[in-house]
Number of protein chains: 2
Amino acid sequence: MSPRAVVLLSGGMDSCVTLAHALGDGCQVSALHVNYGQRTQARELQAFTDICDHYSIADRLVVDISHLAAIGGSSLTDTSIDVEEAHLDATEIPTSYVPFRNANILAIAASWAEVLTASAIYIGAVEEDSSGYPDCRSAFFTAFEEVIHLGTKPGPRVRIVTPLIALSKREIVDMGLALGAPLHLSWSCYRSEDAACGTCDSCALRLRGFEQAGVTDPITYSVRPSYL
Amino acid sequence: MSPRAVVLLSGGMDSCVTLAHALGDGCQVSALHVNYGQRTQARELQAFTDICDHYSIADRLVVDISHLAAIGGSSLTDTSIDVEEAHLDATEIPTSYVPFRNANILAIAASWAEVLTASAIYIGAVEEDSSGYPDCRSAFFTAFEEVIHLGTKPGPRVRIVTPLIALSKREIVDMGLALGAPLHLSWSCYRSEDAACGTCDSCALRLRGFEQAGVTDPITYSVRPSYL
């Protein structure tokens, strides 16, 4: 029997490729989407729905944790903090960092995995070419696996699978194309919900990845700068 | 300057005593209450408010994570599963266990602690005399501290403080009385919102604790069996 997996599907390119990877691994997928009061929440939910429809995934859970917006501390949820222009070589943690967001999301995924008796949680976190978020590091996920092991009913360990963790955005684009992931349905922009802005960190990373892969990003941008 | 601490305050006796302990430690307290779709949600929120008012705690955050009810798997959130009668000597995990609940709550607390630059999170978990929940064990909290360290911005470590972890209910009652905690404002029953049922696990543990301490529990019960 195919293993059951909870896949975190924000609707962005990385999660879209991660889902394609989980399906390629032969998993029966339960797709989890989390709104956390971010600016582009409605557009990301649309991307989640479109991607699930594309793969005929019936088992879906949409969770609202907009208390992260109430807690604040991030430009993604606090409209009094501007979303910065892209700084792809920055070494500081950017204002878009949402404090401990991935732990909140993984805790929900682990609760669901326990009820489903799923054996894995897939998350499209990227360490190497990331925006410098502390909760996207490999060591964080290893520690969280231990927390799941210690904090849930006795049974087989739930693995946290991070197929993109060591990839560059270019390699993610390559993997997505190789797996036939519906990248045209994904949404990455932190700022806009109609055409992607092309200039926030997330757009810049995505556009550079497509440029490096020698492929045109199929989604619509307001402006499409070169980041090579 | 007094250290800032996030205190998890469900409104039950244990969290009430834990708050009294944090104040006794000299902390400036930010109080966090989490609704998770449990049956007695409104009554617990009232207890939270009453206890905060008692101590004049202004910094409060109430968060709804009723998706845990949607995920299910517990008699506390799923009305199709009965809340069991008390089995104080049971060795199995009871039906009231909410899958990975404490990880969900601690993730929220850690997000808030990061924004507040708090140095501690207080939680009234009890391992020794507990109902056998895996996410109430000391090893779980130690692992979660590591997850916070790895998954948040660099800075001083946030400690998870569990002053009741090794205490019996009797010792918790003793500590609450010694600290002058407002136990008459706390609420523990899993079933009822007017008078406590007196027969669920939570009522039974509480009543036995008061009996062993030789003190009458000041709250109202429908029935008040002896558990000695």
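This is a predicted model, so every value here is computed, not measured.

Caption draft 1: Layout of the interface of chain B and chain A. Facing the 32 residues of chain B at the interface are 32 residues of chain A. Looking at the side of chain B that touches chain A, the elements with two or more residues in it are helix 3 (67–71), helix 4 (101–116) and helix 5 (138–151) of chain B. Tallied by class, residues from the side of chain B that touches chain A come to 19 nonpolar, 8 polar and 5 charged.

Caption draft 2: Fine view of the confidence of the model for chain A. When pLDDT is averaged along chain A, the result is 90; 89% of the residues meet or exceed 70. Taken over the whole predicted complex, pTM reads 0.89, whereas the ipTM for its chain interfaces reads 0.86.

Caption draft 3: Structural context of the sheet that holds strand 1 (residues 4–8) of chain B. Residues and elements named next belong to chain B. Taken in spatial order, the 5 strands make up an open sheet running 3-2-1-4-5, and their pairing is parallel. A single partner strand is all that each edge strand has here, and the edge strands are strand 3 (60–64) and strand 5 (159–161). On average, each strand axis in the sheet is tilted by 25 degrees relative to the strand beside it, whichever way the strands run.

Caption draft 4: Up close: the packing of helix 6 (residues 169–179) of chain A against helix 7 (residues 201–213) of chain A. All names here are of chain A. Where helix 6 contacts helix 7, the two axes come as close as 7 Å, and the packing angle between them is 70 degrees. Classed by the angle they form, the pair helix 6 and helix 7 counts as roughly perpendicular. Note that helix 6 runs across helix 7; the crossing there is right-handed. Contacts between helix 6 and helix 7 involve Lys169, Arg170, Ile172, Val173 and Asp174 from the first element and Leu205, Arg206, Arg208, Gly209, Phe210, Gln212 and Ala213 from the second. Grouping the amino acids of the contact of helix 6 with helix 7 by side-chain chemistry returns 5 nonpolar, 2 polar and 5 charged.

Caption draft 5: Quick peek at unusual backbone geometry. Of note in this structure, Phe100(A) is not a glycine but carries a positive phi near 60 degrees. Look at Phe100(A) and you get buried, because 31 C-beta atoms sit within 10 Å. Even without being a glycine, Ser56(B) presents a positive backbone phi close to 55 degrees. Locating Ser56(B) in the fold gives a position in the loop between helix 2 (41–55) and strand 3.

Caption draft 6: Inspection of the packing of helix 5 (residues 138–151) of chain A against helix 5 of chain B at higher detail. Two numbers describe how helix 5 of chain A lies on helix 5 of chain B: the axes approach to 9 Å, and their chain directions differ by 160 degrees. As judged from the angle between their axes, helix 5 of chain A and helix 5 of chain B are roughly antiparallel. Between helix 5 of chain A and helix 5 of chain B the crossing geometry is left-handed. Taken together, the residues of helix 5 of chain B that come into contact with helix 5 of chain A (itself represented by Ala139(A), Phe140(A), Ala143(A), Phe144(A), Glu146(A), Val147(A), Leu150(A) and Gly151(A)) are Ala139(B), Phe140(B), Ala143(B), Phe144(B), Glu146(B), Val147(B), Leu150(B) and Gly151(B). Partitioned by chemical class, the residues of the contact of helix 5 of chain A with helix 5 of chain B number 12 nonpolar, 2 polar and 2 charged.

Caption draft 7: Layout of the relation of the copies chain B and chain A. Its rotation angle being 180 degrees, the transformation that places chain B on chain A also includes 0.0 Å of axial translation and leaves an RMSD of 0.0 Å. Considering both components of the superposition, the chain copies are consistent with a two-fold axis. Across chain B, the rotation axis passes nearest the C-alpha of Asn104(B), at a separation of 3.1 Å. When you check the interface residues of chain B against chain A, 100% turn up at the interface there too, and the contact is symmetric in its surfaces.

Caption draft 8: Molecular detail of the nonpolar core. Within the largest apolar cluster, 149 residues are counted, with the highest numbers of intra-cluster contacts made by Ile121(A) and Ile121(B). Ignoring any residue separated from it by four or fewer positions in sequence, one finds Ile121(B) in contact with Ala5(B), Val6(B), Leu106(B), Ala109(B), Ala110(B), Ala113(B), Val158(B), Ile160(B) and Val161(B).

Caption draft 9: Examining the sheet that holds strand 2 (residues 28–35) of chain A more closely. Residue and element names in this part refer to chain A. Spatially, 5 strands are ordered 3-2-1-4-5 in an open sheet, and the strand pairing comes out parallel. Whereas interior strands pair on both sides, the edge strands pair on one side only; in this sheet they are strand 3 (60–64) and strand 5 (159–161). Strand-to-strand twist of the sheet, defined as the mean angle between neighbouring strand axes without regard to direction, takes the value 25 degrees. Pairing of strand 4 (residues 120–122) with strand 5, which is carried by 3 bridges, proceeds in the parallel orientation. In the strand pairing of strand 5, Ala120 is matched with Arg159. Lying over the sheet, helix 2 (residues 41–55) contacts strand 2 and strand 3, oriented at roughly 170 degrees with respect to strand 2.

What counts, and at which threshold
Residues numbered from 1 in each chain as written. Chains lettered and ligands numbered in written order. Predicted model: local features only at pLDDT ≥ 70, side-chain atom pairs only at ≥ 80, totals over all residues. Contact = placed C-beta atoms within 7 Å. Helix = DSSP H or I, 4+ residues; strand = E, 2+ residues; numbered from the N terminus. Nonpolar A, V, L, I, M, F, W, Y, C, P; charged D, E, K, R; others polar. pLDDT = per-residue confidence, 0-100. Pairing = 2+ DSSP bridges. Axes fitted to C-alpha atoms, helices over the stretch in contact; angles between N-to-C directions. Parallel < 35°, antiparallel > 145°, perpendicular 65-115°, else oblique. Left-handed = near helix turned anticlockwise from the far one by under 90°. Buried ≥ 20, exposed ≤ 12 C-beta atoms within 10 Å, placed from the backbone. Least-squares fit on C-alpha atoms with pLDDT ≥ 70 in both. Core = buried A, V, L, I, M, F, W, Y, C linked by C-beta atoms within 7 Å.

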